[in-house]
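# Geometric and topological summary
Single-letter residue listing:
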Amino acid sequence: MSPDEVAAVFVEPIQGEGGYIVPPVEWLVRLRELCDRHGILLVADEVQSGMGRTGKMWAIEHAQVEPDVLISAKGLASGLPLGAFVARAELMEKWGAGSHGSTYGGSPVPCAAGLATLATIGEEGLLAHACEVGDFLLSRLAELPARFPGLVTDVRGIGLMIGVEFRTAEQAEAAQQGSFEKGLLVLECGETTVRMSPPLVVSLDQAKTALDIFGSVLAELAG
């Protein structure tokens, strides 16, 4: 369609339910340039990828791209119902008082949980921790395509947002179920991918245990 008919482009800096797909940095940079050229707002959906999951507070920071609007939820209040709609001041100030409502807006308990979550991420160094444990997980998981060529086709991710792609949807589902039965919670996304998105406080020992369990599940599937 004509660019003058587009009000905004919504994008996940790392695709979540679509399969934990990490786009090239240049793609997000180019998208920002196209939006600027045509006066289109760029909206970053950071519901899954934000709040430190990738080792930066917001995943779009990895591309050094600044969106016009940013959306956050889920990890924002550590499980309590809270969402955030963040935008440049010149956009927010165009709305009159009361023109934007929300069913959950302003609920004091989730807001307190959100403030505590933000403080904890900073005070406990969880951004750096997500990078450290994420790099460890990725380095070990990257061995899977060679170890299990009939099962795993790709491993990708940033920080603690990691996707392991299988050859078939049936294999991905079997890996998810097998992990669950051994005490490891992973979750399918996309058509053939299993996501690993542990809490930001996950320890290296816990990550090693997760890798051992996941590896044993794949060995049984390959067997």
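Residue numbers restart at each chain and count upward from 1, following the sequence in its written direction. At least 70 in pLDDT is required for a residue's local features to be given in this predicted model, at least 80 for side-chain atom pairs to be given and counted, and no such filter applies to totals for whole chains, interfaces and linings, which use all residues. With hydrogens and water set aside, each side-chain value is computed from the structure's full complement of heavy atoms.

## Points about the nonpolar core
As used here, the term nonpolar core means buried Ala, Val, Leu, Ile, Met, Phe, Trp, Tyr and Cys residues forming a set that is joined through side-chain atoms within 4.5 Å. Buried, partly exposed and exposed residues are distinguished by accessible area as a fraction of the type maximum, computed with a 1.4 Å probe on protein chains only: under 20%, between the cut-offs, and over 50%, respectively. In terms of nonpolar packing, the biggest core is built from 38 residues, with Leu141, Phe166, Phe214 and Leu218 touching the most fellow members. Note on conventions: DSSP H or I runs of at least 4 residues are helices, E runs of at least 2 residues are strands, and numbering of each starts at the N terminus. If you list the elements that add at least two residues to this core, you get α3 (108-123), α4 (126-141), β5 (152-158), β6 (161-166), α6 (169-181), β8 (193-196) and α7 (204-222). Whether two residues are in contact is decided by their heavy atoms, any of which lying within 4.5 Å being enough. Once you skip the residues sitting within four places of it in the chain, Phe214 turns out to touch Leu141, Leu144, Val164, Phe166, Ala175, Ser179, Leu184, Val194 and Met196.

## A closer look at α3
Helix span, expected: 1.5 Å multiplied by one less than the number of residues in the helix. Between its first and last C-alpha, α3 extends 22 Å over 16 residues, near the 22 Å set by a 1.5 Å rise per residue. Among the residues making up α3, those that are buried are Pro110, Ala113, Gly114, Thr117 and Ile121. End-on view of α3: buried residues confined to an arc of 105 degrees, all on one side of the axis. Seen from the buried face of α3, the exposed residues on the opposite side, beyond 90 degrees, are Pro108, Val109, Leu115, Gly122 and Glu123. For this quantity, the arc is that covered by the directions from the helix axis to the C-beta atoms.

## Observations concerning the pattern of salt bridges
By convention in these notes, a salt bridge is any Lys or Arg side-chain nitrogen within 4 Å of a carboxyl oxygen on Asp or Glu. Tallying each qualifying case throughout the model produces 10 salt bridges. Glu220 is paired through a salt bridge with Lys182; the nearest N and O atoms lie 3.1 Å apart. With Glu220 in helix α7 and Lys182 in the loop between α6 and β7 (187-189), the pair connects residues that are 38 residues apart, well separated along the chain. A relative accessible area of 54% means that Glu220 is categorised as exposed. The network of salt bridges with common partners includes Arg32, Asp36, Asp68, Arg88 and Glu90.

## Description of the sheet that holds strand β2 (residues 41-45)
With mixed pairing, four strands are arranged side by side in an open sheet as β1-β2-β3-β4. Among the strands making up the open sheet, the edge pair consists of β1 (8-11) and β4 (84-87). Taken pair by pair, the neighbouring strands of this sheet meet at an average axis angle of 20 degrees, ignoring direction. By the bridge criterion, three bridges tie β2 to strand β3 (residues 69-72) in an arrangement that is parallel. Residue Ala44 lies in a different strand from β3, and its bridge partner there is Leu70. Following DSSP output, two strands are said to pair if at least two bridges run between them. In this analysis an axis means a line fitted to C-alpha atoms, helices contributing only their contacting stretch, and an angle means the value between N-to-C directions, from 0 to 180 degrees.

## Side note on the pairing of β1
Relative to β2, β1 is paired through four bridges, and the arrangement is parallel. Paired with Val9 across the bridge in β2 is Leu42.

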